[in-house]
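Residues per chain are reported as follows:
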Amino acid sequence: MTVAEATRPVPAEAATPVDGAPDYVRNLPPYVTAKPASQVQMAPGVTRLRKMASNENPNGASPKALAAAAAVLTGAATYPDPFGSELKAALHARFGVPPESLVIGNGSSELLELAARCFMRAGDEAVYSQYSFIGYPHAVKSMGGKGVVVPAVDFGHDLPAMLRAITPRTRLIFVANPNNPTGTLLAPEAITSFLEQVPPHVLVVLDEAYTEYLEPAQRMDSFGLIKRFANLVVMRTFSKAYGLAGLRVGFAAAQPQVAELINRTRLVFNVNAPAQAAALAALADEEFLALSARGNREGMKLLQDAFQKLGLPYIPSWGNFIAVDLSSAPGGLQGVNAQLLAAGFLLRPLGAYGLPNHLRITVGLPEDNAALVAALTACVKP
Ligand SMILES: *Cc1c(COP(=O)(O)O)cnc(C)c1O
């Protein structure tokens, strides 16, 4: 019997399968994504839509990764390696995490879902921060879990308050560092001290989807910490700085007993062969990674300088995106977003995250960033 079967009252007279589905499944909100490009109405003369909404890498992917994926397509008739052995060996060589401590996922979103599936029963609690990644409530609620949202401080995680929110029913805590959609960063010492205080029955998911964008001095030895903390799982993705969002690869690192449990619940062939091959090649292409981080740093500076000049408050960000507050701009967020959309910029309004005045902009190529600043200036100072 599954957890869902064990805990929900059996609906005696469900007329349809949908009636009989658990309430916590039927109540899941649909995913709100950026407007599909095909639905965007651009102003006359605007010929190109610039998608700066989903934190994708504006440089595309490493050419080596693309070549590696293409090379295995001829083998499409055969199943992929169910263990991701080559990729795990490469991750071991690169990060020092042994294969038995690794789980390869269909993006790190799958790993978030699997963590909830492995460690939560319906009615259990998971703690996460206000203004944090939308994947956390989804993972928790689709298991019938209860999300405990801890108010943010300066748009980021309040770790002491998150500790105080732990109860005997808490199974998971999600910490995004840097956070999406706000871009805030926690200091390594704050995270270590937090881990020292989390009780052993609670698994901490440290989600480092944007860590490759940090300056080396800002990074923490999160893989080193998994040796010390049996209740820590670190998650990384190939979707952002590695530029492989469309292929869906991420990985989790934890002590072997935790990794093994997650591995047992995933689909055997959860990551396809081109994705595994591309991730392997992307990992080796440090030049592409450095280029992505450098371009991001320059673009971020350009955008922040422009917001400052325009008098628009923004949340200082350590990711590849930045949230700007448009409450003081003519027409507010709605007006400015509509104008920018007409000018060919697809961006992410953060209403669904509880930030109704903030617009999240993914850092683009230099030319995209400059064009965006010009269009935004025209909105703010018409
Ligand atoms: C993008 C993102 C992920 C994972 O994305 P995948 O494409 O599923 O790997 C995870 N966490 C955060 C905070 C993100 O922004």
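Analysis parameters
Residues numbered from 1 in each chain as written. Predicted model: local features only at pLDDT ≥ 70, side-chain atom pairs only at ≥ 80, totals over all residues. Heavy atoms only, no water. Domains from an automatic or database assignment. Contact = heavy atoms within 4.5 Å. Buried area = accessible area lost by both parts, 1.4 Å probe. Salt bridge = Lys/Arg side-chain N within 4 Å of Asp/Glu carboxyl O. Polar contact = N/O pair within 3.5 Å; in protein donor to acceptor, adjacent residues only side chain to side chain. Helix = DSSP H or I, 4+ residues; strand = E, 2+ residues; numbered from the N terminus. Patch = residues over 30% accessible without salt bridge, like charges linked within 9 Å, V, L, I, M, F, W, Y side chains within 5 Å. Areas by Shrake-Rupley, 256 points an atom, 1.4 Å probe, with all protein chains shown as cover. Buried < 20%, exposed > 50% of the residue type's maximum accessible area, 1.4 Å probe, protein only. Near = heavy atom within 4 Å. Nonpolar A, V, L, I, M, F, W, Y, C, P; charged D, E, K, R; others polar. Pairing = 2+ DSSP bridges. Axes fitted to C-alpha atoms, helices over the stretch in contact; angles between N-to-C directions.

Some details on the domain arrangement of the chain
- For the chain, the assigned domains read domain 1 (37-59 + 287-380) and domain 2 (63-284).
- Between the C-alpha centres of domain 1 and domain 2 the distance comes to 27 Å.
- Across the boundary between the two partners, domain 1 contributes 24 residues, which contact 24 residues of domain 2.
- Broken down residue by residue, the surface that domain 1 buries against domain 2 is led by Leu289, Trp318 and Tyr353, which jointly contribute 34%.
- Across the salt bridge formed by Glu215 and Arg297, the nearest N and O atoms sit 3.4 Å from each other.
- Inspection of the domain 1/domain 2 interface yields six residue pairs in polar contact (both at pLDDT 80 or more).
- When residues of the side of domain 1 that touches domain 2 are traced back to their parent elements, those giving at least two are helix H13 (286-310), strand S10 (321-325) and strand S13 (358-362).
- The element contributing the most residues to the side of domain 1 that touches domain 2 is H13, with six residues.

A word on a nonpolar patch on the surface
- Nonpolar side chains collect at one region of the surface, where Tyr79, Val268 and Phe269 lie side by side and expose about 350 Å² of accessible area between them.
- Note that Tyr79 resides in the loop between helix H4 (63-72) and helix H5 (85-95).
- For Tyr79, a relative accessible area of 67% corresponds to the exposed category.

Some points on the site of the ligand
- Gly107, Ser108, Ser109, Phe133, Asn180, Asp207, Ala209, Tyr210, Thr237, Ser239, Lys240 and Arg248 make up every residue found near the ligand.
- Thr237 places a side-chain nitrogen or oxygen 2.5 Å from an oxygen atom of the ligand.
- Between the ligand and Lys240 there is a distance of 3.1 Å, counted from an oxygen atom to a side-chain nitrogen or oxygen.
- Taking 390 Å² as the accessible area of the ligand by itself, protein coverage stands at 94%.
- Among the elements that make up the shell around the ligand, the one with the highest residue count is helix H6 (residues 107-119) (three residues).
- Taken together, the residues of the shell around the ligand sort by class into three nonpolar, six polar and three charged.

Describing the sheet that holds S13
- Pairing within the open sheet is antiparallel, and its four strands lie in the order S9-S10-S13-S12. Here the strands that pair on one side only, and so sit at the sheet edges, are strand S9 (314-315) and strand S12 (348-349).
- Pairing of S12 with S13 involves two bridges; the strand directions are antiparallel. Each residue of the ladder has a partner; that of Arg348, found in S13, is Arg360.
- Sheet strands in contact with H13 are S9, S10 and S13, and its direction is about 5 degrees off that of S10.
- Set on the sheet, helix H14 (residues 332-342) makes contact with S12 and S13; between it and S13 the angle comes to about 30 degrees.

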